[in-house]
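As a plain string of letters, each chain reads:
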Amino acid sequence: MKTYFERMKNLCEQLRKQKKVTILAIESSCDETSVAIVVNGRKVVSNIISSQIDIHRHFGGVVPEVASRNHILNIIPLIDQALDSAKLTFDDIDAVAVTQGAGLVGALLVGLTTAKALCFALDKPLINVNHIKGHIAANFLAYPKLEPPFICLITSGGHTAIVKVVDYVHFELIGSTQDDAIGEAFDKVARVLGLEYPGGVKVDRLARGVEPKLKFIHDGLSDSYNVSYSGLKTAVINYVHKLTQNGEPLDVKQICASFQHEAVDMLTSRVIRACAEFNMDKLVLAGGVAANSYLRESLDKLCKTNKIQLFYPPIEFCTDNAAMIGSIGYYQLLSCDPADLDISALASIDLNQA
Ligand code: KG4
Ligand code: ZN
């Protein structure tokens, strides 16, 4: 008798010949539980997201154990809702894609264990997805004609990287943060300014229309594609503490605008340089911070000047969602083996792992 893995390898070979492949996708890496149904990696049939932001706001950030417990409460009702809203049943699902990492291990485990249980019960292939690649694939949902190769700038709460997307399953890391992610820096600066979690979007709003006048750091890595956000974050925090201790007023809008400019300019200059060096005329944005209005406006201008086509996902696909996991899961199914049922959740993950 063949093992589950052998059966699924054969099944995937058959699915590759099928005209229509329907994937149920699950995302639970941080504070969003999400289940989606995606056809052929491009068409979102349903995408249900349950955000825990209101729960974690009370704590000023995501509390991992609280996140895991809420994923447990949410996951099964969300699967039912995703199927109902697509007017489908489990019989219509060809494979299950799930985020294996990176993220909070306890949170990831909820989605991963559910996906494994579904695959075991339904005898369907399991596709283990790298969350970062999912963010990139959000653009395949928004732009039906977008195809690799292209340069991608990944800017999220957990990751900051410049990546060459060679094809749907080959990714080369060009540069990344040496410490904090850009979204993390946005959230910490927001916190010291007394803005509610998640603060990135609030910093963005307060900075709008404000001419930046403060300079917090010197970009010491400007010759490389790597960036560092720890220094910038600490400089802003120290500046705020110093003014507060001296009883001087804080110009919150000015601090937001100046920080945002420095944080974003570090990336935009590098990513335009990467497009030139790697001879790419397509640039794709991905991740939660891709929603930032200054980042979008700056790249709009720079890409026009440099004759680069710019793509960024609509806001609902910038933050965590399962549809993006279903998209990249489809392309993995087309050219890679499915996963076995003994895989573990991974807190951190290399770009070409999963
Ligand atoms: O991709 P994402 O949902 O989660 C991770 O995978 O990390 O990104 C969330 C991050 C948070 O740090 C949030 O503050 C930030 O994206 N963010 C923004 C904006 N909208 C969300 N940062 C700056 N400007 C925004 N408009
Ligand atoms: Zn994410």
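The structure we're discussing is the one just above.
Values in this document were obtained by computation on a predicted structure and should not be read as measured data.

A few points about the overall build of the protein chain
Inference 1: Within the protein chain, the regular secondary structure consists of 12 helices and 10 strands.
Inference 2: Over its C-alpha atoms the protein chain spans a radius of gyration of 21 Å, differing by no more than 12% from the 20 Å that the globule rule assigns to 354 residues.
Inference 3: Taken across its 354 residues, the protein chain has 54% of its residues classed as buried.
Inference 4: Excluding contacts between residues fewer than 6 apart, the proportion of contacts in the protein chain whose partners are at least 24 apart in sequence is 74%.

Considerations on the state of the cysteines
Inference 1: This structure, assessed with the given rule, holds 0 disulfides.
Inference 2: You can see cysteine 12 has no disulfide; the closest cysteine sulfur is in cysteine 119, sitting 9.8 Å from it.
Inference 3: What makes cysteine 12 buried here is its relative accessible area of 1%.

Overview of the site of ligand 1
Inference 1: Taken together, 19 residues lie around ligand 1, and Gly157, Gly158, Asp187, Asp204 and Gly288 are the ones closest in.
Inference 2: At 3.1 Å, a side-chain N or O of histidine 135 approaches an oxygen atom of ligand 1.
Inference 3: Between ligand 1 and the protein, one listed contact pairs a nitrogen atom with a side-chain N or O atom of asparagine 292 at 3.0 Å.
Inference 4: Considering ligand 1 on its own, with 550 Å² of exposed area, one finds that the protein chains cover 88% of that surface.
Inference 5: Breaking the shell around ligand 1 down by element, the ones donating at least two residues are helix H5 (131-142), helix H6 (182-192) and helix H7 (200-207).
Inference 6: Its residues placed into classes, the shell around ligand 1 shows 5 nonpolar, 11 polar and 3 charged.

What about the sheet that holds strand E4 (residues 95-101)?
Inference 1: Taking strand neighbours across the sheet as the criterion, the 5 strands line up as E3-E2-E1-E4-E5 in an open arrangement whose pairing is mixed. The open sheet has two edge strands, strand E3 (43-51) and strand E5 (126-130), and neither has a second partner. Strand-to-strand twist across the sheet, computed as the mean angle between neighbouring axes with direction ignored, equals 20°.
Inference 2: Looking at chain direction, strand E2 (residues 32-39) and E3 are connected through 8 bridges and run antiparallel. Note on E3: the bridge partner recorded for threonine 33 is serine 50.
Inference 3: Contacts from helix H3 (residues 64-86) reach strand E1 (22-27), E2 and E3, with the element oriented near 25° to E2.

A closer look at empty space enclosed by the protein
Picture a little ball the size of a water molecule; that probe, rolled over the atoms, points out where space is still empty.
Inference 1: Going through the model one piece at a time under the given rule, you end up with 1 cavity of 30 Å³ or more.
Inference 2: Of the voids in this model, the largest cavity is the one considered here, and its volume is about 30 Å³.
Inference 3: Grouping the constituent residues of the lining of the largest cavity by class yields 5 nonpolar, 1 polar and 1 charged.

Concerning H3
Residues three or four positions apart in an α-helix share a direction because the helix packs 3.6 residues into each turn.
Inference 1: With 23 residues, H3 extends 31 Å between its outermost C-alpha atoms, agreeing within 8% with the 33 Å of an ideal straight helix rising 1.5 Å per residue.
Inference 2: At asparagine 74, H3 shows its strongest bend, of approximately 35°, with the proline proline 77 following within four residues.
Inference 3: Taken together, the buried positions of H3 are occupied by Ala67, Ser68, Asn70, His71, Asn74, Ile75, Leu78, Ile79, Ala82, Leu83 and Ala86.
Inference 4: Positive phi appears at lysine 87, one or two residues downstream of H3, with a value of about 55°.

Side note on the coordination of the zinc ion (ligand 2)
Inference 1: Bound to the zinc ion (ligand 2) on the protein side are His131 (NE2), His135 (NE2) and Asp320 (OD), at distances that span 2.0 to 2.1 Å.
Inference 2: Considering all 4 donor atoms around the zinc ion (ligand 2), angles at the metal cover 95 to 130° and the coordination shape is tetrahedral.
Inference 3: Ordering the donors of the zinc ion (ligand 2) by residue number gives the pattern H-x3-H-x184-D. Of the two residues, histidine 131 and histidine 135 are both situated in helix H5; the distance of 4 residues between them amounts to about one turn of the helix.

Reading guide: rules and limits
Residues numbered from 1 in each chain as written. Chains lettered and ligands numbered in written order. Predicted model: local features only at pLDDT ≥ 70, side-chain atom pairs only at ≥ 80, totals over all residues. Heavy atoms only, no water. Helix = DSSP H or I, 4+ residues; strand = E, 2+ residues; numbered from the N terminus. Rg over C-alpha atoms; globule rule 2.2 N^0.38 Å. Buried < 20%, exposed > 50% of the residue type's maximum accessible area, 1.4 Å probe, protein only. Contact = heavy atoms within 4.5 Å. Disulfide = S-S within 2.5 Å. Near = heavy atom within 4 Å. Polar contact = N/O pair within 3.5 Å; in protein donor to acceptor, adjacent residues only side chain to side chain. Areas by Shrake-Rupley, 256 points an atom, 1.4 Å probe, with all protein chains shown as cover. Nonpolar A, V, L, I, M, F, W, Y, C, P; charged D, E, K, R; others polar. Pairing = 2+ DSSP bridges. Axes fitted to C-alpha atoms, helices over the stretch in contact; angles between N-to-C directions. 1 Å grid on protein atoms, 1.4 Å probe; cavity = no way out; pocket = protein on both sides within 12 Å on 5 of 7 lines; lining within 4 Å. Points joined across faces, edges and corners; volume = space filled by probe spheres on them. Expected span 1.5 Å × (residues − 1). Bend = angle between axes of the 7 residues up to and from the residue. Donors = N, O, S within 2.8 Å, 3.2 Å for Na, K, Ca; no water. Tetrahedral: all angles 85-135°; square planar, octahedral: opposite > 155°, others 65-115°.

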